[in-house]
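Here is how the chains run, residue by residue.
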Amino acid sequence: MPTHDFYMQRAIELALRASGNTSPNPLVGAVIVQQDRIIAEGWHQQAGLAHAEVAAIENAKQKKESTIGATMYVSLEPCSHHGRTPPCTQAIVDAGITTLVFATSDTNQQASGGGEVLEAAGVDVIAGVCEERARDANRFFFHYLKHKTPFVIAKFASSLDGKTATHSGNSQWITGTAARNQGHMARQAVDAILIGAQTAIDDQPQLTVRYPEAFKHATAAHPLRIVLDSRGRVPLDNAMFDATLPANTLVVTTSAMATAHAERLKAIGVEVVELPCAAGTNQPDLKQLLNVLGERGVQSLLIEGGHSVLGSFVDNQLINEVWAFIAPMLIGGNHAAPSIGGVGVDELSQALRLHNLHVEQLDDDLFVRGTVVGCDE
Ligand SMILES: NC(=O)c1ccc[n+]([C@@H]2O[C@H](COP(=O)([O-])OP(=O)(O)OC[C@H]3O[C@@H](n4cnc5c(N)ncnc54)[C@H](OP(=O)(O)O)[C@@H]3O)[C@@H](O)[C@H]2O)c1
């Protein structure tokens, strides 16, 4: 007989189908089980659309399956408030569901308490099944609720000896197609992607999600593209400012950018935000940047390089997670760019240590994902 874990794993799998599409809402999946058989499934596809519980109940109706006396597994505690949609707790009671199993509590004050509401209505409630995996699936959401700033992911592709380019600057491509596809999946999952002025100039990246696999269940817009350009060095004809691409662009700068350049950027639809410089530098203050992005509701931010920008984020201890794609090659060279630049730490004891490691082989390359110790949420 399948266990609670079995059905909850399925609910989490469904939740992840909408990865990148539900922000500012969490990812949620639900399955309805009658006599050890999944009779219906649903997931929250996009903010404003049906919640997972309601989608699953609708799915049962379409299939003419009875939900009376059924058990529902849902990856997040059902909401008990009127938001953009009515409370899920009421829909569950109305459907005659008698047991509700959920993975993680909703720490959003407005929506929390659904478990208690259901218990008061006579539904058996079981909490905390597969909690760790479900929290991981919604780590951007929980981090944002707690800190009001985005969850920050550092992403880079490097050789086995930690280089992201040769000494002459040749960097495309270090990793193979499977790793690059996975990189696009990472873009798909986040609200915004950030690069430094030099990467914009050297690589002219589009920073859009382009691989069809990544779009299998996707309906939302491309992530916001952000370039850190303190002085306005990135020319107007750069791919980052191409108005025909399906993504908005934000240039983060300082008072050193010429007003005329800022005006020209705005005229072609690019947003420009001026920030004060970080102490002792001529570059925008990254902590302030995260506050500004948080105010705009950006829950997740992917830093795609180069090594100087990644180094600044690491030096300021602003990284929550790392996505490293490592190719089985040695580039060598004292002057070849490392994956992470900046000042670095003095002592090994000060190094950012990763845990919750996920290691996967993608063709010949390795993918290592880990959260920074102390920064899980
Ligand atoms: N393998 C990979 O995964 C990968 C990924 C991306 C890029 N790359 C390669 O990396 C190379 C570029 O790396 P890079 O380190 O030279 O440049 P970068 O990190 O892309 O950009 C650095 C520039 O960003 C600006 N900036 C603004 N605010 C900053 C801040 N707080 N901290 C750091 N920089 C800030 C600075 O210019 P201003 O002072 O003028 O603003 C700085 O010179 C490219 O050749 C690219 O091909 C490799």
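Just above sits the structure.
Below is a short write-up of the structure. Please read all numbers here as calculations on a predicted model, not as lab measurements.

Some remarks on the overall build of the protein
In step 1: A count of helices and strands for the protein gives 11 helices and 14 strands.
In step 2: Here the C-alpha radius of gyration of the protein, 23 Å, is about what a compact globule of 377 residues would show, namely 21 Å.
In step 3: For the protein, the spread of C-alpha atoms along the principal axes amounts to about 65 × 45 × 40 Å.
In step 4: Residues classed as buried in the protein amount to 46% of the 377 residues present.
In step 5: A separation of at least 24 residues holds for 72% of the contacts in the protein among residues at least 6 apart in sequence.

So, the sheet that holds strand β1 (residues 29-34)
In step 1: Strands sit in the order β2-β1-β3-β4-β5 across an open sheet of 5 strands; the sheet is mixed. The open sheet has two free edges, formed respectively by β2 (37-43) and β5 (124-127), since each of these has just one partner strand. Strand-to-strand twist across the sheet, computed as the mean angle between neighbouring axes with direction ignored, equals 20°.
In step 2: In this sheet, strand β3 (residues 71-76) lies alongside β1 in antiparallel orientation, the contact comprising 4 bridges. Bridging from a neighbouring strand, valine 33 pairs with threonine 71 of β3.
In step 3: The sheet strands contacting helix α1 (residues 4-16) are β1, β2, β3, β4 (99-104) and β5, and the helix crosses β1 at an angle near 145°.

What about the sheet that holds strand β11 (residues 300-303)?
By definition, the strands of a sheet pair up through backbone hydrogen bonds, in either a parallel or an antiparallel sense.
In step 1: In space, the 9 strands of this open sheet follow the order β10-β9-β8-β7-β11-β6-β12-β14-β13, with mixed pairing throughout. In the strand order of this sheet, the two ends are held by β10 (271-274) and β13 (354-362), each with one partner. Neighbour-to-neighbour, the strand axes of this sheet turn through a mean angle of 20°, independent of strand direction.
In step 2: Two strands pair when backbone bridges link them, and strand β12 (residues 321-327) and strand β14 (residues 365-372) are joined in this way by 6 bridges, in the antiparallel orientation. Bridging from a neighbouring strand, valine 322 pairs with glycine 370 of β14.

Focus: the pairing of β1
In step 1: Burial within β1 is extensive, with 5 of its 6 residues counted as buried.
In step 2: Here 6 bridges tie β1 to β2, and the two strands are oriented antiparallel to one another. The residue of β2 that forms the bridge with valine 31 is glutamate 41.
In step 3: Between β1 and β2, which pair antiparallel one after the other, the connecting turn spans 2 residues, and glutamine 35 there sits at a positive phi close to 45°.

What to know about the site of the ligand
In step 1: With respect to spatial proximity, 32 residues lie near the ligand, and among them Gly196, Gln198, Ser230, Gly305 and Gly306 are the closest.
In step 2: Secondary-structure elements contributing two or more residues to the shell around the ligand are β6 (151-159), β7 (192-196), α8 (197-203) and α11 (307-315).
In step 3: For the shell around the ligand, the element with the highest residue contribution is α8, accounting for 5 residues.
In step 4: Looking at the shell around the ligand residue by residue, the classes come out as 11 nonpolar, 15 polar and 6 charged.

Examining the nonpolar core
For soluble globular proteins, nonpolar side chains are generally found buried alongside one another.
In step 1: Counting 58 residues, the largest nonpolar core has Ala192, Val227, Leu301, Ile303 and Phe313 as its most contacted members.
In step 2: In this view, leucine 301 contacts Pro150, Val152, Val190, Ala192, Leu194 and Leu293; residues no more than four positions away in its chain are not counted.
In step 3: Formed by 43 residues, the second largest nonpolar core is a distinct cluster that contains Val28, Leu76, Cys79 and Leu118.

Regarding α1
In step 1: End to end, α1 covers 19 Å across 13 residues, agreeing with the expected 18 Å (1.5 Å per residue, within 8%).
In step 2: Buried within α1 we find Tyr7, Met8, Gln9, Ala11, Ile12, Leu14 and Ala15.
In step 3: In this structure, the buried side of α1 is in contact with β1, β2, α2 (52-62), β3, β4 and α5 (131-137).

Rules used in this analysis
The residue numbers shown here count from 1 along each chain, following its written sequence. For a predicted model such as this one, the threshold for reporting local features is a pLDDT of at least 70, and the threshold for listing and counting side-chain atom pairs is 80 or more; totals across whole chains, interfaces and linings nevertheless cover every residue. Numbering of helices and strands runs from the N terminus, with a helix taken as a DSSP run of H or I at least four residues long and a strand as a DSSP run of E at least two residues long. It is over C-alpha atoms that the radius of gyration is taken, and the globule rule equals 2.2 Å times the number of residues to the power 0.38. Between the buried cut of 20 or more and the exposed cut of 12 or fewer other C-beta atoms within 10 Å of a residue's own C-beta lies the partly exposed class, and all C-beta atoms are placed from the backbone. Note that contacts rest on C-beta atoms placed from the backbone: two residues are in contact if these are within 7 Å. When DSSP finds two or more bridges between two strands, those strands count as paired. Fitted lines through C-alpha atoms give the axes, limited to the stretch in contact for helices. The angle between two N-to-C directions lies from 0 to 180 degrees. Using a C-beta atom placed from the backbone for every residue, we mark a residue as near a molecule or strand if that atom lies within 6 Å of it. As a working rule, the residues Ala, Val, Leu, Ile, Met, Phe, Trp, Tyr, Cys and Pro are called nonpolar, Asp, Glu, Lys and Arg charged, and the rest polar, with Gly in that last group. Note on terminology: a nonpolar core is any set of buried Ala, Val, Leu, Ile, Met, Phe, Trp, Tyr and Cys residues joined through C-beta atoms within 7 Å. In a helix, the anticipated span is given by 1.5 Å times the number of residues less one.

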